[in-house]
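# Structural overview for review
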Amino acid sequence: MSVVRRMLLRFVIVCLLFAGGLAAQDLEVIAVHFGNPEYAKVLSQEDYPGFTFYTTDGSSYRYREEQALVMKSPNYLEGYYGEVPEKMGFSANYTREKGTPAPYVRGVIYLVGTNGVITAQTSAGQKFNETNFSEIYYEDFEILKKAVKNLKKGKVATPLKDKDRVYFKSTPAGEREPYKKSVVDKEGKGLVGWYVPEVTVYDAEGKEHKLNQLTEGKNCMLVFYTMDAVHYVEASRKDGTILKEWDEVMPVNRAKEMKQATQNPEDPKAMLTSWAKTMGQSVSGTYDEYSSVLYFAKMLKSNYK
């Protein structure tokens, strides 16, 4: 065999090994809770093996306008505001149509390749509810399942040019976006093709991390979720004046509470305590509703085989 042919053969082998290494890489799941970090503690993290959990500083808020008999366009776009949702593309401007309900109310999932570029994401209208919103649920699931398999094969997204990575929002971070003249994500592209933005998150010990550094050089599933922890702000539909602000009650994992209580049936006090914790949430199912994005991610990860 000639020297040239031997060198060519070695080059091919190296390329195959490199591609095989990328394909064999595991899919890392990073789950980031946004809103009051205290609410993150209610999640049963043991239900999501292999997930790494982080929190944000809790400064985000969810804006909406009061209901009125005579409806008209809101004064400002409704949805999430603050550095994290605005930088990560699940804020009010990322609705596909102005005047519709707030986008990404239950969270969002991004798939990130080894080059740090977002290759797919769930849509603004995704409720992560397989029963009541099956069409949206399965459409998103199939798109992300295909992207997951591509990541395993070492296929990554081509980054958008700098001029194409532009945020829609015109007002400073945290300020409401006026409805008139506002720009929204009509094509529903979100941040696909973007490098993961630099966002500060915190681990269980409170240590700071940069999200783009955590995902660097890895195949990642990036999950943003909230346990209904985002501060609510409601304004007048007449002129946008703030009328009230509040925080929702922390969700309760009813199944876990009742299981713990029944482990000692001779202790009626424990049963009563668990019942009291879950009272008022038996119908709304707040815990299941807000953790559904994590279950969706868990099911997606099972396709990375």
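This text goes with the structure placed above it.
Here goes a summary of the coordinates provided. (Residues numbered from 1 in each chain as written. Predicted model: local features only at pLDDT ≥ 70, side-chain atom pairs only at ≥ 80, totals over all residues. Heavy atoms only, no water.)

## Observations concerning unusual backbone geometry
Even without a glycine there, the phi angle at F128 is positive, about 55 degrees. With respect to the helices and strands, the residue F128 is situated in the loop between β6 (118-121) and α3 (134-152). The exposure class assigned to F128 is buried, which follows from its relative accessible area of 5%. We note that D228 has phi near 55 degrees; this positive angle belongs to a residue other than glycine. Here D228 lies in the loop between β9 (219-225) and β10 (231-235). By relative accessible area, D228 is classed as buried at 8%. (Helix = DSSP H or I, 4+ residues; strand = E, 2+ residues; numbered from the N terminus. Buried < 20%, exposed > 50% of the residue type's maximum accessible area, 1.4 Å probe, protein only.)

## As for the sheet that holds strand β3 (residues 61-65)
One key point about sheets: their strands pair by backbone hydrogen bonds, in either a parallel or an antiparallel sense. What the four strands build is an open sheet, ordered β4-β3-β10-β11; its pairing is mixed. Single-partner strands in this sheet number two, and they are β4 (79-81) and β11 (242-246). Strand after strand, the sheet turns through a mean of 30 degrees between neighbouring axes, direction not considered. Bridge count for β3 against β10 is five bridges, and the pairing is parallel. (Pairing = 2+ DSSP bridges. Axes fitted to C-alpha atoms, helices over the stretch in contact; angles between N-to-C directions.)

## Description of the packing of aromatic side chains
Two descriptors summarise a pair of aromatic rings, namely the distance from one centre to the other and the angle between the planes of the rings. As enumerated under the stated definition, the model contains 19 aromatic pairs in all. Residues F128 and F296 carry aromatic rings whose centres are separated by 5.2 Å and whose planes lie at 75 degrees to one another, so their mutual orientation is edge-to-face. Taken together, the residues F128 in the loop between β6 and α3 and F296 in helix α7 (residues 286-301) connect sequence positions 168 residues apart. There is no split in this pair, since F128 and F296 are both buried. Summarising the aromatic geometry, the rings of Y232 and W246 are spaced 5.0 Å apart at their centres and angled 10 degrees between planes, so their arrangement reads as stacked. Of this pair, Y232 sits in strand β10 while W246 sits in strand β11; the two residues are 14 residues apart in sequence, bridging distant segments of the chain. (Phe/Tyr/Trp six-rings, centres within 6.5 Å; stacked < 30°, edge-to-face > 60°.)

By themselves, these figures tell us nothing about what the structure is for.
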